[in-house]
Amino acid sequence: MLILLTALMAVSVVSLLIGAGEVGPRRVLGLLQSASDSEAQFIVWELRAPRTLIGIVVGIALGVAGALLQAISRNPLAEPGLLGVSAGAAFAVALALVLGASAATLRISVAQLGALVGCVCVLSVARFRGVGNDPVRLVLAGAAFSGLLGSLTSLMLLYDQRAADEIRFWVIGSLAGRRLDDLVAVLPSLLVAAIAVVIMARPLAALALGERAASGLGHHPTLIRWVAVGCVALLVGAATAIAGPIAFVGLVVPFVARAFAGPDIRRTLWFCLPIGPLIVLSADIISRIVVAPSELPLGVLTALCGAPVLIAVVRAKRLPML
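Predicted, not measured: the structure shown is a model, and the values here were computed from it.

A. Broad picture of the overall build of the chain. Of regular secondary structure, the chain possesses 13 helices and zero strands. Each helix and strand of the chain, ordered N terminal to C terminal, gives the series α-α-α-α-α-α-α-α-α-α-α-α-α. Considering only intrachain contacts with a sequence separation of at least 6, the fraction spanning at least 24 residues in the chain is 75%. Accessible surface, the chain as shown: approximately 15,100 Å² in total, 68% of it carbon and sulfur.

As structure tokens, this is what we get:
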């Protein structure tokens, strides 16, 4: 954990030093010594610092949401992007934009509602006989759901040219241009989700032993699942509202966290806290410099990096239910 936290601090500093513009590490270091460079001061404190903070929050939210979704579905392939949760949040925000919604708080509420509907659909599919017990088939069902919502979002792009540019942001996902006001707007819902996750950690660990064992320990499996679904909706909706849909983060983060922590969901959640921001910020830094002076959308880069991880998990000789 100490190594991961140190790496996260280092990546956060690099995120402030490196960007697609002309303000490089030397000018930023000079800014730290003297505040005479107004251009560097604006880029670092008004653009890169908020972007770094938002990347940290988004990484934590998506990583924890992925771990929760995998725990309640007992599926190592469950991930908000793959199962349509992020697509539900993005579609809801795009629909709100077409209808004229502009307030940040309204977008957040709409995104969380869309994520909640996506979560409910995921759990409903998981209850189908022969689908919920097969990780790959569940992912295929989620992919179909995501494809349907993506098609509807594309139709909205054709329907409303005025909102087309803003809707494209929700289709791709990026940290560029985000402000601290957006982060402040999602903090209340993230705080509620954090408190609920802390309370639900022990019941989730009991649920991993099976429903009978959890009931015998005094827990209510159905209540545990629905509270966890609410937490996933709050986390994914908040992350999507400020950064758009970012795929595969919710798959990769718990996968790496379990390599450090083992199968215990309580330890896995703790390790998701530094690993999520570490992956998101690293991908964001690469997205700034790989096609400089332009930027590659963060959602595209995470998809390129996360797809091999998904293939590796699927091709594993043993794909156990969690």
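B. Representation of the pattern of salt bridges. Under the definition given, this model contains five salt bridges. Among the salt bridges present, the one from Arg51 reaches Asp284, with a minimum N-O distance of 2.8 Å. Here Arg51, found in helix 3 (residues 38-73), pairs with Asp284, found in helix 12 (residues 265-289); they are 233 residues apart in sequence, far enough to count as distant. For the pair Arg51 and Asp284, a shared accessibility class is recorded, and that class is buried. Of the charged contacts in the structure, one is a salt bridge between Asp284 and Arg288, with a shortest N-O distance of 2.8 Å. Residue Asp284 and its partner Arg288 are located together in helix 12, separated by four residues, close to a single helical turn. Residue class for Asp284 comes out buried when judged on its relative accessible area of 1%. On the basis of relative accessible area, Arg288 is assigned to the buried category, the value being 1%. Because the salt bridges share partners, they merge into one network encompassing Arg51, Asp284, Arg288 and Glu295.

C. Up close: the side chain of Thr52. Mapped onto the fold, Thr52 is located in helix 3. Accessibility expressed as a relative area gives 5% for Thr52, which makes it buried.

D. Focus on unusual backbone geometry. One non-glycine residue, Arg74, lies in the positive phi region at around 55 degrees. Tracing the backbone through its elements, the reader meets Arg74 in the loop between helix 3 and helix 4 (85-98). For Phe248, which is not a glycine, the phi torsion comes out positive at approximately 70 degrees. Inspection of the secondary structure puts Phe248 in the loop between helix 10 (221-243) and helix 11 (249-261).

Basis of the calculations
- Residues numbered from 1 in each chain as written.
- Predicted model: local features only at pLDDT ≥ 70, side-chain atom pairs only at ≥ 80, totals over all residues.
- Heavy atoms only, no water.
- Helix = DSSP H or I, 4+ residues; strand = E, 2+ residues; numbered from the N terminus.
- Contact = heavy atoms within 4.5 Å.
- Areas by Shrake-Rupley, 256 points an atom, 1.4 Å probe, with all protein chains shown as cover.
- Salt bridge = Lys/Arg side-chain N within 4 Å of Asp/Glu carboxyl O.
- Buried < 20%, exposed > 50% of the residue type's maximum accessible area, 1.4 Å probe, protein only.

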